[in-house]
Each structure stands twice: as structure tokens, then as C-alpha cells.
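The chain contents come next:
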Amino acid sequence: MNNTSDLSSKLREARQKKNLSQNAVAEKLNISRQAVSRWETGKGSPDIATLPLLSDLYDVSIDELLGHETSVSKSQSQNIKKEMSDLNETSPEITDKITNSDPVLPHSGNTFNWEYAILMLLLILSGFITFVGLIVSLYIFIWTWHNRRQYKLILTLSVICFLIGLYHLYIFIYSFLPFGYTSIIEKV
């Protein structure tokens, strides 16, 4: 089962457990009912800002919605917070060490991003081809700007490749077209 269908089924199950209609969810989140329907049919997915709202509304953790097996439910989370506060009352120096340590995020390990690698490879290869390089680097810049703003290196590399492509075009035009030459006519 892929992630989209897993998320859609989890959203539908969580909504049905709370006995809410799609209209009720849409009204509480201030979105359209069609958006909720798209999420539950797998044709779309909620954005990152909507997931905490859905988690609160359905009273499940975001991990559970996303289908992570090592998730903690809301009630378990509240019990942990209560135990932490009880522990804080008895031994505040221990809880300071626990709460101030760096959290370990699930699935934040070193994962290889194929999309990023392919974009880098395309840009590097397009730098060697004059006309294709201009078009490819411009396209990747526009696409990245609209879809993936966190790819700052890709944006920078696409600008550099575009400038290299312009330079290659200038060299091509200057060396093959006759307007760079001067002609002198002498009478013999």
C-alpha cells in the first residue's frame, strides 16, 4: 500500500471514528468539502499546516495519520506530559536535561533525494550543450521556483548554467556570423 492511499484511509477512518461528516470537517477547518473528499480518496493530500489541525480535530497524532507504526496517541502523550510534570516537581534537574536535549525526529536520517540528484545532473550536463542548456536551465529554474523553494542550490546552479549557456551562445554568434568582421576595399 503506498503512502497516499494509506494517508487517505487513515483520514477517512479517523473522521468516521469521531462521527464527523466531510462537511463538518470542512467547516471546522475552514476549507471546502471537496478538499476533504480529495484527501480521503487519495487524489490530494493535506498540506503541512493542516495536519496538526486534523490531528487535533480527530484526536490522533500526526504519526498515526501518516501511518508510522511507532506513534503515540494523544491520550498517551497527555499521560507522558503529566508524568513529566510530576517528575519535574520531584526532580527538576533531571527533567531539564530531558527537555533541553535535542529531539530525535523520525525518518530524518540520511535519505538520498533522487529528485535533487537528477536536477543537479541535468543542470551540470546542460552546461556543456549550448542551446539545450539555456532551455533546460531556464525550465528547471522556473519549475524549482514554483514547486521546491527549499532547493536553493538548484536555483543557484540553474542561474549559473543559464549564464554559461548565454556565454556559449555569444561565442557561437560571434565566431560564426559575419558581422564581427570588417572588410577593406583597396583599389589595385
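Residues numbered from 1 in each chain as written. Predicted model: local features only at pLDDT ≥ 70, side-chain atom pairs only at ≥ 80, totals over all residues. Heavy atoms only, no water.

J.: So what's going on with the packing of helix H8 (residues 114-126) against helix H10 (residues 152-176)? Residues and values would help.
T.: Angle between the axes and distance between the axes are the two parameters that describe a pair of packed helices. The geometry of H8 relative to H10 is characterised by a closest axis approach of 9 Å and an angle of 15 degrees between their N-to-C directions. What the angle tells us is that H8 and H10 run roughly parallel. Viewed along their axes, H8 and H10 form a crossing whose handedness is left-handed. On H10, the residues that touch Tyr-116, Leu-119, Met-120, Leu-123, Ile-124 and Ser-126 of H8 are Leu-153, Ile-154, Leu-157, Ser-158 and Cys-161. Within the contact of H8 with H10, the residues separate by chemical class into nine nonpolar, two polar and no charged. (Axes fitted to C-alpha atoms, helices over the stretch in contact; angles between N-to-C directions. Helix = DSSP H or I, 4+ residues; strand = E, 2+ residues; numbered from the N terminus. Parallel < 35°, antiparallel > 145°, perpendicular 65-115°, else oblique. Left-handed = near helix turned anticlockwise from the far one by under 90°. Contact = heavy atoms within 4.5 Å. Nonpolar A, V, L, I, M, F, W, Y, C, P; charged D, E, K, R; others polar.)

J.: Let's hear about the pattern of salt bridges: which residues, and what values?
T.: Inspection of every chain in the model, using the stated rule, returns one salt bridge. Glu-40 is the salt-bridge partner of Arg-15, the closest N and O atoms lying 2.6 Å from each other. In this pair, Arg-15 is assigned in helix H1 (residues 3-17) and Glu-40 in helix H3 (residues 33-41), connecting sequence segments 25 residues apart. As far as the burial class goes, Arg-15 and Glu-40 line up, both buried. (Salt bridge = Lys/Arg side-chain N within 4 Å of Asp/Glu carboxyl O. Buried < 20%, exposed > 50% of the residue type's maximum accessible area, 1.4 Å probe, protein only.)

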